[in-house]
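# Examining the three-dimensional arrangement
So you can see what is in the structure, the chains are spelled out below.
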Amino acid sequence: MTDHVLHPRITDTSDWVTIVFILTLGIIATTKSLYENRFEDFTKLIFSDKYARIYRDSSHLMGVFSISLFFVQIISFSFFIQILLSRFGYGEKTDWVLFIQIFTFVIYFILSKFLIEKIIATTFQIEELVEQFNLQKVTYRTYVGLLLLPVDIILFYYDSILKNIPLIVLYSILALNVLLYLFSIKNYRKEIFSKLFYFILYLCTLEIAPYYFMYYWFTKDSV
């Protein structure tokens, strides 16, 4: 009687990551081809304020260009968070379920924060200021997400990279975001100082408190 030995089928669990990276690069390439001049100005954002001056109308926030790069940004940040969790033993970088959870959380957090900002801006009667300020924040955050994508690819496919490299990248992102945030405040300093009290309330409610509670939640769970 012949004994049948069953061998587990080995599948490459990183296939879905490669597909997502290719689709993301495809979105970038399509956006670049459809909005060549705008994309070129966008890529020079860190060196020039031309893009911010031309596309300062809040209506651009809901355009195809912004929405396409918004999804690139969400994917980029979600992958980076997953890589960080993987590096410090809180998950696997090839776990697609974890990626979906992170992706859902990030998009839910950003959209919820955006809607609450609209409500509070209406309450404080600073709608125009918040719309302009938020547009610039979104623009710079999208730019950071675009820069982060190739870093994600390198960190994902090269396991030999030192464990503290993702942490260095994280600190660099935080520092860059702070600088860009201060730059945004500088651009709208006249409007901000005219409604300084309400803007401080806005900052404490939506720009400081959410991140503080997230930090407290994560550090509390890790103890």
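About the criteria used
- Sequence order as written defines residue numbering, which begins from 1 separately in each chain.
- In keeping with the predicted nature of the model, local features appear solely for residues at pLDDT of at least 70, side-chain atom pairs appear and are counted solely at 80 or more, and the whole-chain, interface and lining totals rest on all residues.
- Side-chain metrics rest on all non-hydrogen atoms present in the structure, leaving aside hydrogens and water.
- Stacked, edge-to-face and tilted labels apply to pairs of Phe, Tyr and Trp rings (six-membered ring for Trp) whose centres lie within 6.5 Å, assigned for plane angles under 30 degrees, over 60, and everything in between, in that order.
- Put simply, DSSP H or I for four residues or longer makes a helix, DSSP E for two residues or longer makes a strand, and each gets a number counted from the N terminus.
- Three exposure classes are used, based on accessible area relative to the maximum for each residue type with a 1.4 Å probe and protein chains only: buried under 20%, partly exposed in between, and exposed over 50%.
- The term nonpolar core refers to a set of buried residues drawn from Ala, Val, Leu, Ile, Met, Phe, Trp, Tyr and Cys, joined through side-chain atoms within 4.5 Å.
- Here a residue-residue contact requires only that any non-hydrogen atoms of the pair lie within 4.5 Å.
- Expected span of a helix: the number of residues minus one, times 1.5 Å.
- Residues adjacent in sequence count toward polar contacts only when both atoms are side-chain atoms; beyond that, a polar contact is any pair of N or O atoms within 3.5 Å, and within protein one must be able to donate a hydrogen and the other to accept it.
- Between the N-to-C directions of two axes lies an angle of 0 to 180 degrees, each axis being a line fitted to C-alpha atoms and, for a helix, fitted only over the stretch in contact.
- Note on angle classes: values under 35 degrees are labelled roughly parallel, values over 145 roughly antiparallel, values of 65 to 115 roughly perpendicular, and the remainder oblique.
- The sense of a crossing depends on the near helix, which, turned anticlockwise from the far helix by less than a right angle, makes the crossing left-handed and, turned clockwise, makes it right-handed.
- In the scheme used here, Gly and all other residues not listed as nonpolar or charged are polar, with Ala, Val, Leu, Ile, Met, Phe, Trp, Tyr, Cys and Pro taken as nonpolar and Asp, Glu, Lys and Arg as charged.
- For every residue, the pLDDT score states the predictor's confidence, bounded by 0 at the bottom and 100 at the top.
- Only residues whose relative accessible area exceeds 30% and that take part in no salt bridge are eligible for patches, with like-charged residues grouped when within 9 Å of each other and nonpolar side chains (Val, Leu, Ile, Met, Phe, Trp, Tyr) grouped when within 5 Å.
- Areas reported as accessible are Shrake-Rupley estimates using a 1.4 Å probe. Residue values count occlusion only from the protein chains shown.
- Just to be clear on terms, a salt bridge is a Lys or Arg side-chain nitrogen sitting within 4 Å of an Asp or Glu carboxyl oxygen.

## Side note on the packing of aromatic side chains
Tallying each qualifying case throughout the model produces 14 aromatic pairs. Measuring from centroid to centroid gives 4.6 Å for phenylalanine 21 and phenylalanine 79, while their planes differ by 25 degrees, and the two rings are stacked. One end of the pair, phenylalanine 21, is in helix H1 (residues 15-34); the other, phenylalanine 79, is in helix H4 (residues 64-87), with 58 residues separating them in the sequence. Judged on exposure class, the residue phenylalanine 21 and its partner phenylalanine 79 are both buried. When the ring of phenylalanine 105 is compared with that of phenylalanine 109, the centres are 6.1 Å apart and the planes differ by 20 degrees; the resulting orientation is stacked. You can see phenylalanine 105 and its partner phenylalanine 109 sitting in helix H5 (residues 96-124), 4 residues apart, about one turn around the helix. A relative accessible area of 36% places phenylalanine 105 in the partly exposed class. Site record: aromatic cluster; members linked through ring pairs are Trp16, Phe21, Phe79, Phe99, Phe103, Phe156 and Tyr157.

## Digging into the nonpolar core
If you look at the biggest cluster of nonpolar residues, it comprises 40 residues, and the most contacted ones within it are Phe42, Ile74, Phe79, Phe80 and Ile173. Secondary structure elements with two or more residues in this core: H1, helix H2 (36-43), H4, H5, helix H6 (127-157) and helix H7 (165-187). When residues no more than four places from it in sequence are discounted, the contact partners of phenylalanine 42 are Tyr51, Phe65, Leu69, Thr139, Thr142, Tyr143 and Leu146.

## Focus on H4
The α-helix winds at 3.6 residues per turn, so residues separated by three or four positions along the chain end up facing the same way. Look at H4: 35 Å from first C-alpha to last across 24 residues, which is about the 34 Å you get at 1.5 Å a residue. Among the 24 residues in H4, 18 count as buried, and that is most of the element. One or two steps after H4, the chain reaches glycine 89, where phi turns positive at roughly 80 degrees.

## Some words on the side chain of arginine 87
Among the secondary structure elements, arginine 87 is positioned in helix H4. Here leucine 155 takes part through its backbone oxygen, which lies 3.4 Å from a polar atom of the side chain of arginine 87.

## Quick look at the packing of H1 against H4
The N-to-C vectors of H1 and H4 enclose an angle of 150 degrees; their axes lie 10 Å apart at closest approach. On the basis of their axis angle, the class for H1 and H4 is roughly antiparallel. Here the hand of the crossing between H1 and H4 comes out left-handed. Each of Trp16, Val17, Val20, Phe21, Thr24, Ile27, Ile28 and Thr31 in H1 lies in contact with H4, whose residues at this interface are Phe65, Ser68, Leu69, Val72, Ile75, Phe79 and Gln82. Considering only residue class, the contact of H1 with H4 consists of 11 nonpolar, 4 polar and no charged.

## Considerations on the environment of glycine 91
Within the secondary structure, glycine 91 sits in the loop between H4 and H5. Ignoring anything within four residues of it in the chain, the contact list for glycine 91 reads Leu85, Ser86 and Leu98.

## Description of the confidence of the model for the protein chain
Across the protein chain, the average pLDDT comes to 77, with 72% of residues at or above 70. Below pLDDT 50 for its whole length, residues 4-12 participates in 0 contacts with residues either more than four positions away or in separate chains.

## Observations regarding a nonpolar patch on the surface
Taken together, the side chains of Met62, Ile67 and Phe71 present a nonpolar region at the surface, about 290 Å² in accessible area. Structurally, phenylalanine 71 is set in helix H4. Residue classification places phenylalanine 71 among the partly exposed positions, given a relative accessible area of 36%.

## A short note on the environment of leucine 98
When you line up the elements, leucine 98 lands in helix H5. For leucine 98, a relative accessible area of 13% corresponds to the buried category. Each C-alpha atom, one on leucine 98 and one on serine 78, is 9.7 Å from the other, the two residues being 20 residues apart in sequence. The residues touching leucine 98, leaving out its near neighbours within four places in the chain, are Gln82, Gly91 and Glu92.

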